[in-house]
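The primary structure of each chain is shown beneath.
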Amino acid sequence: QEQLKQSGGGLVQTGDSLTLSCVASGRPFMSWNMAWFRQAPGEEREFVAGISWTGTSTIYADAAKGRFTISRSNPKNTLYLQMNSLKPEDTAVYYCAADAEWPRTLATTVSDYDYWGQGTQVTVSS
């Protein structure tokens, strides 16, 4: 059974950095496009960043460009999100997600992803 287990997150101050990790199990991780989404209280889940199964293509939401970096290690079955220059508006529950359809163009919508991590809280204080 495919599973995504997240770690990282926590309470930080404005301008700090944080790295989230997501370890996949259950089937070859390297065949999945992967992404990070986030959901703030009272808001819909939104796309943050995505990375192709090869790791050669990435896309970012405007809010993440220049501050966040998505990466993956296929030998370690792990997805990362490095977040720098964090702002209070980055406060949300962050989710990793896997797209089980292969091959497919890197997607940015919630409905395109099949497996989800448990979520991890990131809180940025001002």
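> Can you walk me through the pattern of salt bridges in this structure?
Side-chain pairs of opposite charge can arise whenever the charged atoms involved come near each other. Overall, the coordinates contain 7 salt bridges when judged by the stated rule. Between Arg 38 and Asp 90 there is a salt bridge, with its nearest N and O atoms 2.9 Å apart. Of the two residues, Arg 38 is situated in strand β4 (residues 33-39) and Asp 90 in the loop between β8 (78-83) and β9 (92-99); the sequence distance between them amounts to 52 residues. Across this residue pair, the class does not change: Arg 38 and Asp 90 are buried. Here Arg 104 and Glu 101 are joined by a salt bridge, their closest N and O atoms 3.6 Å apart. Members of the salt-bridge network, linked through shared partners, are Arg 38, Glu 46, Arg 67 and Asp 90.

> Is there a simple way to think about unusual backbone geometry in this case?
It is generally the case that most residues other than glycine have a negative phi and that most peptide bonds are trans. Phi at Asn 77 takes a positive value of approximately 55°, unusual for a residue other than glycine. Look at Ser 85: it is not a glycine, yet its phi comes out positive at around 50°. With respect to the helices and strands, the residue Ser 85 is situated in the loop between β8 and β9.

> Got a minute to help me understand the side chain of Asp 90 in this structure?
Under the relative-accessibility criterion, Asp 90 is labelled buried at 1%. A polar contact is formed between the side chain of Asp 90 and the side chain of Arg 38, at a distance of 2.9 Å. Here the side chain of Asp 90 touches Arg 67 through a polar contact of 2.7 Å, side chain to side chain. Those residues in contact with Asp 90 that lie beyond four places of it in its chain are Arg 38, Arg 67, Phe 68, Ser 85, Val 122 and Val 124.

Rules and cut-offs
- Residues numbered from 1 in each chain as written.
- Predicted model: local features only at pLDDT ≥ 70, side-chain atom pairs only at ≥ 80, totals over all residues.
- Heavy atoms only, no water.
- Salt bridge = Lys/Arg side-chain N within 4 Å of Asp/Glu carboxyl O.
- Helix = DSSP H or I, 4+ residues; strand = E, 2+ residues; numbered from the N terminus.
- Buried < 20%, exposed > 50% of the residue type's maximum accessible area, 1.4 Å probe, protein only.
- Polar contact = N/O pair within 3.5 Å; in protein donor to acceptor, adjacent residues only side chain to side chain.
- Contact = heavy atoms within 4.5 Å.

That's the geometry; what it means functionally is another story.
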